[in-house]
Amino acid sequence: MHPTCWSSCWWEETQFLNSAKRFSLLLLNLEEYYFEQHTANHIQNKGGQNERKIRGSLKICSKSVIFEPDAISQPIIKIPLRDCIKIGKHGENGSNRHFAKTKSGEISLIFSQVYFIKEHNIVAPYKIERGEMEYVFELDVSGKVEDVVETLLQLHRASCLDKLGDQTAMITAILQSRLARTSFDKNRFQSVSEKLHMECKAEMVTPLVTNPGHVCITDTNLYFQPLNGHPKPVVQITLQDVRRIYKRRHGLMPLGLEVFCTEDDLCSDIYLKFYEPQDRDDLYFYIATYLEHHVAERTAESYTLQWQRGHLSNYQYLLHLNNLADRSCNDLSQYPVFPWVIDDYCSAELDLSNPGTFRDLSRPVGALNKERLERLLTRYQEMPEPKFMYGSHYSSPGYVLFYLVRIAPEYMLCLQNGRFDNADRMFNRFALMPHLPVLRLSNYKRAMFASKNWIQKCQEMPRNTDCIAETWKNCLDGATDFKELIPEFYGDDVSFLVNSLKLDLGKRQGGQMVDDVELPPWARSPEDFLQKSKDALESNYVSEHLHEWIDLIFGYKQKGSDAIGAHNVFHPLTYEGGVDLNSIEDPDEKVAMLTQILEFGQTPKQLFVTPHPRRITPKFKNFSQTCSHNAPLADSPVSPGEESFEDLTEESKSLAWNNITKLQLHEQYKIHKEAVTGIAVSCNGSSVFTTSQDSTLKMFSKESKMLQRSISFSNMALSSCLLLPGDATVISSSWDNNVYFYSIAFARRQDTLMGHDDAVSKICWHDNRLYSASWDSTVKVWSGVPAEMTCTRRQRFDMLAELEHDVSVDTISLNAASTLLVSGTKEGTVNIWDLTTATILHQIPCHSGTVCDTAFSPDSRHVLSTGEDGCLNVIDVQTGMLISSLTSDEPQRCFIWDGNSVLSGSQSGELLVWDLLGGKISERIQGHTGAVTCIWMNEQCSSIITGGEDRQIMFWKLQY
């Protein structure tokens, strides 16, 4: 993922805004539409000696008239329709003579206020001229005058309505009427052979702006045609290029759809807002159907696994979570949110090895200052329902533009009605609701302004400089400032910190001009500041604690009692489902509510409902892991010219798993009369022991390639087998409720454990303890050493623990240290047990049928399970969270894995290689003619044996 993707979006837009074509939709008011344009002349001093014509284009918008001169030395003129006194043809008198037959192609506007924008193409606060005045515009096509005047009069009536809700309703009706009278121009299709699937009305969303038009999807392309033809006649996206699509909520309503043509970039190719949820869902269906066989769908959990195992950086993971939680660079009310991670902005040097350097990530910004938190909690206790702790959000359009004003000045001017913020609050401004009118908000209004001094406190915010240290200080101490950061603080592009556009951002009270952002002492330059910020984000401390912040923003502490306990409660309107706008009948209240939602900020969509797992931070054990570009050799546990046996073993394992897709069948033998159920191999690899549903335990010599022994303990199936340390004894479990111990040296049964009331399904052994799973719904732990054949007495096994389940247990597995056990049941539940206390840690119902196999990852951080439902599920051991789920079209009966890749045996007999981090099947290998029932790999990962329902055992080799 490119770390500067967000800044590049801003720069592309900034370059467009500063091109010769100076007009952009950002010159409109918020929630205003641009309808049409006409080439025209602005006639200055009409009829006078100094009459002058300025060539340009006249743009009709829903709340204003805008004239853009061709000459960039001339300012753009914006006349608000609500400030118009009279609109008509020039030279006519009387309100009823606007449309008299005349050859005049001139339109007259008499108004009380006008804005001048971008004179000499310089981005600056708008200049305002007040007082009654008249402007005359001459259209190139005189026949258009009547239509334009009628449109202006209609829009003027809408702008002059007393109630904001009525204004919005009338403008919406005008817009919908225009959309209904037009349709997508099929001549814009890339090919005459394209087949139309769907056409509907929608709006293209960019920051602070929505542009209405028509969406059209064919069998090969997605199109959007703006109603006004701006900024280009049609936007076209080839479906073959699409990699990801996401349903979005816009204004807390399920109306958005964002399309990406890249795998990792967070800048989308188009963001659409629909008028009806069904239109959005239908378009999503068409694109998703096309992508179904081309692109793997990503979930938050699949990214969690990649992040945990170090395949995603903290930065990349947070970007993916923001994306999945409806955060988009096209929607400033839902811009990606990143945490403050550094707490030290005063020291000359930044010490990332000192925990005191970092912010407490387990607390929201509002709870970092204990004294301020106490005041907020007091107000919270006194507040009527609905209660909230914080009067502003951690992310809002104002906060985003506060950080980005130097690269996105026109966005700030749009948000602030043509003004930059007060110079003393630059890069530390209060951006709660700059445009929110005080309207009737029923219960929400009463809650919002519960404290009598709330507005006053907002106005009394300390005015600090454009300084990162002061910004952080105000986030800690300010009465209403709880903002977090944005991705740019951890990217590579320093442009948002530098006033490269030489914007006039005003003077502070001391007379100093606002220019570049003031950096902390430990940053030698903007580049150094970003590099150290990135280093801090990727540091061990943040890696070990980032999950705590994720719990607050995207996880289980976002809502409910856990949020209250974490002091993480914001206004109800910021949460998904906080209000149903469709249920509000009063149009004024509905508009006010929507405005508040869009400008106050929105809480991300909740992604996790259980505690988020920790990241696996490496504990360096060998030279190859420790010796990085900045790690001293003296810290390495082995010398550079030496490799330990452990290093070689790990290297061998890594090499084997990297080449697991190159597995090739070497030999195969049919040695049983029924399905093979278990495989055990002697330490030297010469003897292979197998169990089968034909009730026999067989010993096969790999060297002589001959069957050496066949043992039958009963007439019922054997379910599994294992070799005890020393290769002297084989243990087999049986459907006859027993566990049998067979002495290899003496070639006879030496012990029988009658320990269950139903079939024994699986056994494990570690450190003189036997673990047996049974269909009698228990897993039992036994102690004892099998009797030596030279002894006359038989061994007595003592039961140490009984792990009770609700239904039969089909499979069990131990972690490497044998401190944890995982069991899988007939009804699809995976259970993780703490063997030191014989208590259950997690119970996860993650399969819709029987659990076929389970196993811990080598580091014991994860459990993988397969089931009859065809799913492969990865579970975090610490939290019990299901963090990845992949699906195949058939059950995977058994598997082995290294934590990242899986080799599974399927019901059809294929061996499948899975890339868990990539969320896909990497290879399909033809194997047995029936289901693969068991699989074995040696410790060095150099030898693999499989058994199947076809009664065969197969020996596999890796091709390097």
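Because the structure is a prediction, the values reported are computed rather than measured.

Draft legend 1. Just the overall build of the protein, in detail. Looking only at helices and strands, the protein features 18 helices and 42 strands. The buried share of the protein, reckoned over its 960 residues, is 58%. A separation of at least 24 residues holds for 57% of the contacts in the protein among residues at least 6 apart in sequence. Accessible surface, the protein: about 40,300 Å² in total, of which carbon and sulfur atoms supply 47%.

Draft legend 2. Quick peek at the state of the cysteines. Scanning the entire structure with this criterion turns up zero disulfides. No disulfide involves Cys 200; its sulfur sits 9.1 Å from the nearest other cysteine sulfur, which is in Cys 216. The buried category is assigned to Cys 200, whose relative accessible area is 7%.

Draft legend 3. Structural view of a negative patch on the surface. Residues Asp 757, Asp 758, Glu 802 and Glu 804 make up a contiguous surface patch of negative charge. Structurally, Asp 758 can be placed in the loop between strand S23 (748–754) and strand S24 (760–766). Residue class for Asp 758 comes out partly exposed when judged on its relative accessible area of 30%.

Draft legend 4. Examining the packing of helix H6 (residues 314–324) against helix H14 (residues 540–553) more closely. Interaxial distance between H6 and H14 falls to 11 Å at its minimum, and their mutual angle equals 15°. On the basis of the axis angle, H6 is roughly parallel to H14. H14 is crossed by H6, and the crossing has right-handed handedness. Side by side, H6 and H14 meet where Asn 314, Tyr 317, Leu 318 and Leu 321 of the first sit next to Val 542, Ser 543, Leu 546, Trp 549 and Ile 550 of the second. By residue class, the composition of the contact of H6 with H14 is seven nonpolar, two polar and no charged.

Draft legend 5. Structural detail: the packing of helix H2 (residues 145–159) against helix H3 (residues 164–180). One can describe the packing of H2 onto H3 by two numbers: an axis separation of 8 Å at closest approach and a directional angle of 150°. The angle between H2 and H3 places the two elements in the roughly antiparallel class. Touching Thr 151, Gln 154, Leu 155, Arg 157, Ala 158 and Ser 159 of H2 are Gln 167, Met 170, Ile 171, Ile 174 and Arg 178, all from H3. Class assignment of the residues belonging to the contact of H2 with H3 gives a composition of five nonpolar, four polar and two charged.

Draft legend 6. The pattern of salt bridges, seen in detail. Enumeration over the complete set of coordinates arrives at 25 salt bridges. Between Asp 528 and Lys 532 there is a salt bridge whose closest N-O contact spans 3.1 Å. One end of the pair is Asp 528 and the other is Lys 532, both in helix H13 (residues 526–537) and four residues apart, which spans about a single turn. Lys 532 shares its class with Asp 528; the two are buried. Counted as one network, the salt bridges with shared partners bring together Arg 248, Arg 249, Glu 258 and Asp 326.

Draft legend 7. Just the packing of aromatic side chains, in detail. Applying the stated rule across the entire model yields 34 aromatic pairs. Residues Phe 402 and Tyr 403 carry aromatic rings whose centres are separated by 5.1 Å and whose planes lie at 45° to one another, so their mutual orientation is tilted. Taking relative accessible area as the criterion, Tyr 403 reaches 1% and is therefore assigned buried. Seen in terms of ring centroids, Phe 700 and Phe 955 are 6.2 Å apart; in terms of plane orientation they differ by 35°. Their pairing is tilted. Remark: Phe 955 occurs in strand S42 (residues 952–958) and Phe 700 occurs in strand S18 (residues 696–701); sequence separation between them is 255 residues. Residue class for Phe 955 comes out buried when judged on its relative accessible area of 2%. Connected via pairs of aromatic rings, a cluster forms that spans Trp 340, Tyr 345, Phe 402, Tyr 403, Trp 472, Phe 489, Phe 496, Trp 522 and Phe 529. Across the ring face of Phe 23, the terminal group of Lys 59 is positioned such that the distance to the ring centre comes to 4.7 Å.

Draft legend 8. Seen up close, the side chain of Thr 829. Structurally, Thr 829 can be placed in strand S30 (residues 829–834). Setting aside residues up to four positions removed in sequence, Thr 829 forms contacts with Ser 823, Gly 824, Gln 843, Ile 844, Pro 845 and Val 851.

Draft legend 9. How the structure looks around the sheet that holds strand S36 (residues 892–897). Strand order in the open sheet formed by four strands is S36-S37-S38-S39, with antiparallel pairing between adjacent strands. A single partner strand is all that each edge strand has here, and the edge strands are S36 and strand S39 (920–925). In this sheet, adjacent strand axes meet at a mean angle of 25° when their direction is disregarded. Bridging between strand S38 (residues 911–915) and S39 involves five bridges; their strand directions are antiparallel. Bridge pairing in S39 places Val 913 opposite Glu 923.

Draft legend 10. Local environment of the side chain of His 42. Relative to the assigned elements, His 42 resides in strand S1 (residues 34–44). According to the relative accessible area criterion, His 42 is buried, its value standing at 4%. If sequence neighbours within four positions are ignored, His 42 has contacts with Arg 52, Lys 53, Ile 54, Phe 67, Ile 77, Tyr 135, Val 136 and Phe 137.

Draft legend 11. The arrangement of unusual backbone geometry in detail. A cis amide bond links His 230 with the next residue in sequence, Pro 231, at an omega value of 0°. By secondary structure assignment, the location of Pro 231 is in the loop between strand S10 (221–226) and strand S11 (235–238). For the bond from Glu 385 to Pro 386, the omega torsion is 0°, close enough to zero to count as cis. Structurally, the position occupied by Pro 386 is in the loop between helix H7 (370–382) and helix H8 (397–404). Positive phi is not limited to glycine here, since His 120 has a value of about 55°. Mapped onto the secondary structure, His 120 falls in the loop between strand S6 (106–117) and strand S7 (127–139). One non-glycine residue, Leu 208, lies in the positive phi region at around 70°.

Draft legend 12. Region of interest: the sheet that holds strand S17 (residues 687–692). The sheet built from four strands is open, its strands ordered S16-S17-S18-S19 with antiparallel pairing. Two strands bound the open sheet, and with one partner strand each, they are strand S16 (676–681) and strand S19 (706–712). Adjacent strand axes in the sheet meet at a mean angle of 20°, parallel and antiparallel pairs treated alike. Sheet topology places S18 next to S19; six bridges connect them, and they run antiparallel. Residue Phe 700 lies in a different strand from S19, and its bridge partner there is Leu 707.

Draft legend 13. Spotlight on H8. The buried fraction of H8 amounts to eight of the eight residues, a majority that puts the element mostly inside the structure. All of the buried residues along H8 are Pro 397, Gly 398, Tyr 399, Val 400, Leu 401, Phe 402, Tyr 403 and Leu 404.

Draft legend 14. Highlighting the environment of Gln 316. Note that Gln 316 resides in helix H6. Separated by 13 residues in the primary sequence, Gln 316 and Tyr 303 place their C-alpha atoms 9.4 Å from one another. In terms of polar contacts, Gln 316 uses its side chain to reach the backbone amide nitrogen of Ser 313, at 3.0 Å.

Draft legend 15. Main features of H7. Helix length check: H7 (13 residues) gives 19 Å between terminal C-alpha atoms against 18 Å at 1.5 Å per residue, within 8%. Every buried residue belonging to H7 is among Arg 372, Leu 373, Leu 376, Arg 379 and Tyr 380, and all of these are buried. Angularly, the buried residues of H7 cover 125° about the axis, an arc narrow enough to put them on a single face. Along H7, the residues that are exposed and aim more than 90 degrees away from the buried face are Lys 370, Glu 371, Glu 374, Arg 375, Gln 381 and Glu 382. N-capping of H7 is provided by Asn 369, with a side-chain oxygen placed 3.0 Å from the backbone N of Glu 371.

Draft legend 16. Inspection of the pairing of S24 at higher detail. Judged by how many residues are buried, S24 sits mostly within the fold: five of seven residues are covered. By the bridge criterion, six bridges tie S24 to strand S25 (residues 769–774) in an arrangement that is antiparallel. Residue pairing in the sheet places Cys 764 in a bridge with Tyr 771 of S25. The turn joining S24 and S25, which pair antiparallel and follow one another in sequence, is formed by two residues; a positive phi near 50° is taken by Asp 767.

Draft legend 17. Molecular detail of the environment of Phe 529. When you line up the elements, Phe 529 lands in helix H13. Taking the C-alpha atoms as reference points, Phe 529 and Leu 497, 32 residues apart in sequence, are found 9.8 Å from one another. Once you skip the residues sitting within four places of it in the chain, Phe 529 turns out to touch Tyr 345, Ile 468, Phe 489, Leu 497, Leu 519, Pro 520, Trp 522 and Ala 523.

Definitions and limits used
Within each chain, residue numbers correspond to sequence positions counted from 1 in written order. Note on the predicted model: pLDDT of at least 70 is required for a residue's local features to be given, and 80 or more for side-chain atom pairs to be given and counted; whole-chain, interface and lining totals, by contrast, use all residues. Hydrogens are left out, water is left out, and the side-chain values use all remaining heavy atoms of the structure. Put simply, DSSP marks the helices as runs of H or I at least four residues long and the strands as runs of E at least two long, and each gets a number from the N terminus on. Accessible area is worked out with a 1.4 Å probe on protein chains only. A residue is then buried under 20% of its type maximum, exposed over 50%, and partly exposed in between. Two residues qualify as a contact provided that any one of their heavy atoms is within 4.5 Å of a heavy atom in the partner residue. Here, Shrake-Rupley sampling with a 1.4 Å probe gives the accessible areas, and only protein chains in the shown set may cover a residue. Note on terminology: pairs of cysteine sulfur atoms within 2.5 Å are recorded as disulfides. To count toward a patch, a residue needs a relative accessible area over 30% and no salt bridge; like charges are then connected within 9 Å, while nonpolar side chains (Val, Leu, Ile, Met, Phe, Trp, Tyr) are connected within 5 Å. Salt bridge, as used here: a side-chain nitrogen of Lys or Arg that lies within 4 Å of a carboxyl oxygen of Asp or Glu. Note on charges: Lys and Arg go in the positive column, Asp and Glu in the negative column, and His and the chain ends are not counted at all. Here the site of a charge means NZ on Lys, CZ on Arg, CG on Asp, or CD on Glu. For helices, the fitted line uses only the C-alpha atoms of the stretch in contact; every axis is such a line through C-alpha atoms, and the angle between N-to-C directions lies from 0 to 180 degrees. Any angle between 65 and 115 degrees counts as roughly perpendicular, while under 35 counts as roughly parallel, over 145 as roughly antiparallel, and the rest as oblique. We call a crossing left-handed when the near helix sits turned anticlockwise from the far one by less than a right angle, and right-handed when that turn is clockwise. Each residue gets one of three labels, nonpolar for Ala, Val, Leu, Ile, Met, Phe, Trp, Tyr, Cys and Pro, charged for Asp, Glu, Lys and Arg, and polar for the others, Gly among them. Ring pairs shown here join Phe, Tyr and Trp side chains whose ring centres sit within 6.5 Å, with only the six-membered ring taken for Trp; geometry is labelled stacked below 30 degrees between planes, edge-to-face above 60, and tilted in between. Two conditions define a charge located above a ring, namely a distance within 6 Å from the ring centre to NZ of Lys or CZ of Arg, and an angle within 35 degrees of the ring normal. Pairing between strands requires that DSSP locate at least two bridges from one strand to the other. In the analysis that follows, any N or O atom pair within 3.5 Å is treated as a polar contact, provided that within protein one partner can donate a hydrogen and the other can accept it, and provided that, for residues neighboring in sequence, both atoms belong to side chains. Helix span, expected: 1.5 Å multiplied by one less than the number of residues in the helix. Directions from the helix axis toward the C-beta atoms define the arc.

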